[in-house]
Amino acid sequence: MNNLALLLLCFSAGIILRITRRFPESTSSVLNGLVVYVSLPALTVLYVRRLEFAWDLLVPVSMAWLFFVLGFVALRAVSRALGLPRSTEGALIMTGALGNTSFVGLPMIEAFYGRDWLWVGMVADQAGSFMVLSTLGLITAVHYSSGRLSVAGMAGKIALFPPFLAMLAGVGLNGYPLPPLVESILERIGNMLVPLALISVGFALRLEGLSGLGAPLAVGLLFKLVLAPAILLFAYSFLMKASGPVLRVTIFEAAMPPMITGAIVAMDHGLDSRLSTLMVGVGIPLSFLSLPLWCEILHGF
C-alpha cells in the first residue's frame, strides 16, 4: 500500500504541476532525461550484474518481440477493416503494440511485486521493448511515413543509448562484487526513478482531441491492456508450460499502457499525432484500474 500510495501521489503531483503551470512545458522532457540518462542506468547496472542467467530469462526477453508481431498483424487487420487512414493505422500499431515497460512498468512492478523483481522488468524493457522500438518500431514508423531508414543511424542509437550501455556493463560485471560505496551510490541514484518517472508521466498527460477517434482508440487500448496480455499468458503458460514469478511479472509488464516513446517516434514520423497522444493519455489512467486486476489474475500462475 505504501508503494501504491507513492505512485498515485507522484502521478497526481505531475498533473497538478502542469495544471498550475508552476513548471515549464519542457519539464516532462527534462525529467525523462534524468530517468533515461541517470536513474535507469544506475538501477540497470545494479540489478543486471546480480542476474543468474537461465532459461527463465527467455520469457521476459521474448515478450515485447512477440507482442509487437502480434500487434502489427492484429491492429493492421482491424485498421483495414475500419478503413482507417494510413497515418492512423501506423500510429495505432506504434502505440498499441509497444508497452510502457520502464516509466510505468518499473514503478508498478515495485508496487505490486516488490523491488526484488525489478530485474525482470529491466530485462523485458532493455532486451525487449527498447530493442523492439529501435528496430521493428523504427522500421514500422518509416514504412508508414514513406521515409528512408538508415541502418547505421539505427545501430548508432542503440549502441549509444545509456540504459543499453548500462546493461552491457552489468553483464560484464556479473558475479563481481562492487565496493560498498559504489553500490550505495547506485542504489540511491536508482531510487529516484519511481518518483521522477511518475511525475513526468502525470505532467505529460493530455486528454484533448477525442472526437472522431473513439473506435481506433477503443480497439488499441482493448488490445494493449487486455487481449494481447491474455494471448501471451496462454502462449507462455499453456503452450510453453512456463509458470512462477518470472512469468507473472512478465505478463504484468505486457499489460502496461502504451509506450510514451513509441508515441513520440510515431509523431516524429508524421503519423496521427492525435491518436498517438490519446493512446498514451487515456491508456495510462486506465492502466491504474486494469493492472491491479491483472495482478489478481496472475496469482494463479
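Criteria and cut-off values
Residues numbered from 1 in each chain as written. Predicted model: local features only at pLDDT ≥ 70, side-chain atom pairs only at ≥ 80, totals over all residues. Heavy atoms only, no water. Helix = DSSP H or I, 4+ residues; strand = E, 2+ residues; numbered from the N terminus. Buried < 20%, exposed > 50% of the residue type's maximum accessible area, 1.4 Å probe, protein only. Contact = heavy atoms within 4.5 Å. Areas by Shrake-Rupley, 256 points an atom, 1.4 Å probe, with all protein chains shown as cover. Phe/Tyr/Trp six-rings, centres within 6.5 Å; stacked < 30°, edge-to-face > 60°. 1 Å grid on protein atoms, 1.4 Å probe; cavity = no way out; pocket = protein on both sides within 12 Å on 5 of 7 lines; lining within 4 Å. Points joined across faces, edges and corners; volume = space filled by probe spheres on them. Patch = residues over 30% accessible without salt bridge, like charges linked within 9 Å, V, L, I, M, F, W, Y side chains within 5 Å. Salt bridge = Lys/Arg side-chain N within 4 Å of Asp/Glu carboxyl O. Core = buried A, V, L, I, M, F, W, Y, C linked by side-chain atoms within 4.5 Å.

Undergrad: What's the story with the overall build of the protein in this structure? I'm lost.
TA: Scanning the protein from terminus to terminus reveals 14 helices and zero strands. Going from the N terminus to the C terminus, the protein shows its helices and strands as α-α-α-α-α-α-α-α-α-α-α-α-α-α. The principal-axis extents of the C-alpha atoms in the protein amount to approximately 60 × 50 × 45 Å. Out of the 301 residues in the protein, the part that is buried amounts to 51%. Pairs at least 24 residues apart make up 88% of the contacts formed inside the protein by residues separated by at least 6 positions. Total accessible area computed for the protein in this model is approximately 13,500 Å², and 69% of it derives from carbon and sulfur atoms.

Undergrad: Where do I start with the packing of aromatic side chains in this structure?
TA: A ring pair, where both rings are aromatic, is described by two values, the distance of the centres and the angle of the planes. For the structure shown, the criterion picks out seven aromatic pairs. Taken together, a centroid distance of 5.9 Å and an interplanar angle of 85° make the contact between Phe 67 and Phe 223 edge-to-face. Highlighted residues: Phe 67 in helix α3 (residues 58-82) and Phe 223 in helix α11 (residues 214-239), separated in sequence by 156 residues. A single burial state applies to Phe 67 and to Phe 223, both of which are buried. Seen from their ring centres, Tyr 113 and Phe 252 are 5.1 Å apart, and the 75° between their planes marks the pair as edge-to-face. Here the residue Tyr 113 occupies a position in the loop between α5 (105-112) and α6 (118-145), and Phe 252 occupies one in helix α12 (residues 245-254), the gap between them amounting to 139 residues.

Undergrad: Would you take a moment to explain empty space enclosed by the protein for this structure?
TA: The full count for this structure, using the stated rule, is one cavity of 30 Å³ or more. Approximately 60 Å³ is the volume attributed to the largest cavity. Of all elements in the fold, only α3 and α12 reach the threshold of two or more residues within the lining of the largest cavity. Among the elements that take part in the lining of the largest cavity, α3 stands out by supplying three residues, more than any other.

Undergrad: In this structure, what is going on with a nonpolar patch on the surface? I would like to understand it.
TA: There is a patch of nonpolar side chains on the surface, built from Val 30, Leu 34, Tyr 37, Val 38 and Met 192 and spanning about 450 Å² of accessible area. As for its placement among the helices and strands, Leu 34 is situated in helix α2 (residues 27-48). For Leu 34, a relative accessible area of 35% corresponds to the partly exposed category.

Undergrad: Explain the environment of Ala 197 here, please?
TA: Within the fold, Ala 197 resides in helix α10 (residues 193-204). Residue classification places Ala 197 among the buried positions, given a relative accessible area of 0%. Taking C-alpha positions, Ala 197 is 13 Å from Glu 110, a pair spaced 87 residues apart along the chain. Setting aside anything within four residues of it in sequence, one finds Ala 197 in contact with Val 35 and Phe 103.

Undergrad: Help me out: how do you make sense of the nonpolar core in this one?
TA: Side chains of a nonpolar character, in soluble globular proteins, are inclined to be buried together. Residues Met 94, Met 108, Trp 119, Tyr 236, Ile 251, Phe 252 and Ile 284 are the most contacted members of the largest nonpolar core, which totals 92 residues. Among the elements that line this core, the one with the most residues is α6, at 13 residues. When sequence neighbours within four positions are dropped, the list of residues in contact with Trp 119 reads Tyr 47, Leu 51, Leu 57 and Val 246.

From the geometry alone we can't say anything about function, so treat these as descriptive.
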